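# Results of the structural survey
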Amino acid sequence: MTSHREFFSNYDEFDTPVEIHGINGNLQAYGYGDVIVKDVRNNQHTLLAIWYTPELDGSILSKYWTKQYGLRTTMDDHENFHFRSADPTSTFHFTATTIDKISVITDLDVIEYNPDSLTVIVPAAMAATAVIGTGTTAAVTKTPKINRSVPSQLMHLRLGHASEKPMRLLGISYKSGKCHPCIMGKQSQKPFPAVIEKSSIKLFRVYSDICPVTPESFGHGLYFIVFVDEATYYTWVYIIPNKSSSTVLEILKLWLPLVERQAGTSLINIRTDGGGEYKGETLHTVTPFLAERGINHEQTSLYSSSSNGVAERMNRTLMNMVRSMILTSGLPAPFWGEALHTAAKIVNRLPTSALLDNISPHQAWFGVIPKISHLRVFGCVCFVKITHPITKVQTRSDRCCFLGYEGTTQYRVYDPTSNKIRSKMRDVTFIEDEFLPRKAFLHVPYADRPLQVPEPRNYSEEDDELDKDELTELFPKINSSAPVPIIPLLP
Ligand SMILES: [Zn+2]
């Protein structure tokens, strides 16, 4: 039995969890698979049918079962166990020594296998009919296809450190709390319960906020604007160099026609927070622009912004993911902009219990299931093949680091040799557990500065991590009976 899901070279989920009595109280096993191990001399052996028990906190071997699956056990004069392969051609051997009356194995390593060599795609079944957005009825499959042979920790990294619940909705059993970047990157957070009369019509209401970030991003950004559609929770982010009224207006002129065309309808309300950055000159420019187009600018007052903090809380969710992604990859802080675009893309693709049938914002907005099989670990080493444009002969591979996606077939990478971001890369090979050394980023401006995001305006110290996904935190269910607390605002 092991609590390490990432140990399995293959894995099958039990239909219902199996109860195991007598160890650490009662445990549950959720599935089983094979684990390949090696001894101190690098001899390999496959331990068959190991059970996955996330609550165990470690691994234990049953002597009876190791015998069933090809290991001979003997005991020496000091009463230490020796395990050898039952295969006479194998010299696989490890020893257990006794510590505190318990046999402990210290010289056995689990072999990391390359998930890309396994391509068993198990299609997620479950076809259902759901009502999406403006009353369109469509036959939908609930979740994106996932490759079940990919270890859950690796999926957690590919999904920008997504929390347990959306991963479970994707059919991935994941136990959080052991991922260091998550522990370090996520602030304690407890969003305020806000009763929202939620519309089910796309673009009936969009929440927006502007958030400052330092240091300057690689593309010279110092702020980002976020837009969140109330009906579908679809989220857009734009990175901007300043928060001047003309810059904000420029983004609105880009974003508005795009979303109205996609939704096939017009924006009705846009809600911004009076305590935020939509104020002063920006407000005087933005409000008339919206009014000319028949869009109502709802500005929550400073003292009621806790009931509006949707965009603000989305900022926090996204920046938590960004922090964890930056920590995992060791990328310098100026790559926060690339990480933020990646985080938004992932949040849009994660299923959420805040939407009917646990679909993703992407599916609610576009009506199609998003692809996630192309997602890779942000910031990992990747090789980009350079093919000679005329002869079509591959001339070399450049060692780069992976920065995000353009559509579902093209990637963005940072090339340390030229100190440039290269976009629309197609032929990319990823090494997901390797990251470029710090010295590769010597030419990145402000690479030595820490990532800083101001404290959220609505902030509580309680912890909330249990059984929530990113979006249910943002959008409490309608008719919630939870009382709305009166929250004193921080200045
Ligand atoms: Zn994590």
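Note: the structure precedes this text.
Since the model is a prediction, treat every value here as computed from it, not as a measurement. (Residues numbered from 1 in each chain as written. Predicted model: local features only at pLDDT ≥ 70, side-chain atom pairs only at ≥ 80, totals over all residues.)

### Observations concerning the nonpolar core
For clarity, the cut-off: We define a nonpolar core as a collection of buried residues of the types Ala, Val, Leu, Ile, Met, Phe, Trp, Tyr and Cys that are connected via C-beta atoms lying within 7 Å of each other. To sort residues by exposure, count the other C-beta atoms lying within 10 Å of each residue's C-beta; 20 or more gives buried, 12 or fewer gives exposed, and values between give partly exposed, all with C-beta atoms placed from the backbone. Each helix corresponds to a stretch of at least 4 residues labelled H or I by DSSP, and each strand to a stretch of at least 2 residues labelled E; elements are numbered beginning at the N terminus. What counts as a contact here is a pair of residues whose C-beta atoms, placed from the backbone, lie within 7 Å.
Judged by nonpolar contacts, the single largest core of 80 residues is most densely connected at Leu318, Val322, Leu340, Ala343 and Cys401. No other element matches helix α7 (residues 310-329), which puts nine residues into this core. Sequence-distant contacts of Leu318, defined by excluding residues within four places in its chain, comprise Val237, Leu340, Ala343, Ala344 and Val347. Counting residues in hydrophobic clusters, the runner-up holds 10 residues, among them Tyr32, Val35, Val37 and Ile50.

### So, the packing of helix α5 (residues 245-263) against helix α6 (residues 280-292)
Where we set the bar: Only the contacting stretch of a helix is used when fitting its axis, a line to C-alpha atoms as for every element, and angles between N-to-C directions run 0 to 180 degrees. An angle counts as roughly parallel when it lies under 35 degrees, as roughly antiparallel when it exceeds 145, as roughly perpendicular when it falls between 65 and 115, and as oblique in every other case. Working rule for handedness: look at the near helix, and if it is turned counterclockwise from the far one by less than a right angle, call the crossing left-handed; if clockwise, right-handed. In this classification, the charged set is Asp, Glu, Lys and Arg, the nonpolar set is Ala, Val, Leu, Ile, Met, Phe, Trp, Tyr, Cys and Pro, and all remaining amino acids, among them Gly, are polar.
Packing of α5 against α6 brings their axes to within 8 Å, and their N-to-C directions diverge by 30°. One finds that α5 runs roughly parallel with respect to α6. Where α5 crosses over α6, the two elements pack in a sense that is right-handed. On the side of α5, the interface is formed by Ser245, Val248, Leu249 and Leu252, while α6 contributes Glu281, Thr282, Thr285, Val286 and Phe289. Partitioned by chemical class, the residues of the contact of α5 with α6 number five nonpolar, three polar and one charged.

### Topic: the sheet that holds strand β15 (residues 296-300)
Either a parallel or an antiparallel arrangement is found when strands of a sheet pair, and the pairing is made through backbone hydrogen bonds. Condition: At least two DSSP bridges between two strands are needed for those strands to be called paired.
Pairing within the open sheet is mixed, and its five strands lie in the order β13-β12-β11-β14-β15. Every interior strand has two partners, whereas the edge strands, β13 (235-240) and β15, have only one. Mean inter-strand twist for the sheet, computed between neighbouring axes without regard to direction, equals 20°. With six bridges connecting them, strand β12 (residues 223-229) and β13 associate as antiparallel partners. Counted as the bridge partner of Val228 is Thr235 from β13.

### Quick word on the pairing of β12
Where burial is concerned, most of β12 is hidden: six out of the seven residues are buried. Linking β12 to β13, which pair antiparallel, is a turn of five residues; within it Tyr233 sits at a positive phi near 65°.

### Quick look at α5
Where we set the bar: For a helix, the expected span equals 1.5 Å multiplied by the residue count minus one.
Compared with an ideal rise of 1.5 Å per residue, which puts 19 residues at 27 Å, α5 spans 26 Å between its outermost C-alpha atoms and is within 8% of the ideal. Of the surrounding elements, those touching the buried residues of α5 are β12 and α6. Positive backbone phi, at 70°, marks Gly264, one or two positions downstream of α5.

### Comments concerning the sheet that holds strand β4 (residues 71-75)
Read from one edge to the other, the open sheet built from four strands follows the order β4-β5-β6-β7, with strand pairing classed as antiparallel. Looking at the sheet topology across the chains shown, the edges are occupied by β4 and β7 (102-105). Taking the axes of each pair of neighbouring strands and ignoring which way they run, one obtains an average angle of 30° across the sheet. For β4 and strand β5 (residues 81-85), the ladder comprises five bridges, and the chain directions are antiparallel. The partner of Met75 across the bridge, within β5, is Phe81.

### Focus: the packing of α7 against helix α8 (residues 336-349)
Closest axis-to-axis distance for the α7/α8 pair is 9 Å, and the angle between their directions is 120°. Taken together, the axis directions place α7 and α8 in an arrangement best described as oblique. Here the hand of the crossing between α7 and α8 comes out right-handed. Of the residues in α8, those in contact with Thr317, Leu318, Met321, Val322, Met325 and Ile326 of α7 are Trp336, Ala339, Leu340, Thr342, Ala343, Ala344 and Val347. Looking at the contact of α7 with α8 residue by residue, the classes come out as 11 nonpolar, two polar and no charged.

### Here we look at the environment of Ile50
Within the secondary structure layout, Ile50 lies in strand β3 (residues 44-52). The exposure class assigned to Ile50 is buried, which follows from the 25 C-beta atoms found within 10 Å. In the structure, Ile50 is positioned 18 residues away from Tyr32 in sequence and 5.3 Å away in space, judged by C-alpha atoms.

### Topic: unusual backbone geometry
Across the junction of Thr214 and Pro215, the peptide omega takes the value 0°, indicating a cis bond. Assignment of secondary structure puts Pro215 in the loop between β11 (205-212) and β12. Although it is not a glycine, His220 adopts a positive phi angle of roughly 70°. If you trace the backbone, His220 turns up in the loop between β11 and β12. The class of His220 is partly exposed, set by 13 C-beta atoms lying within 10 Å.

By themselves, these figures tell us nothing about what the structure is for.
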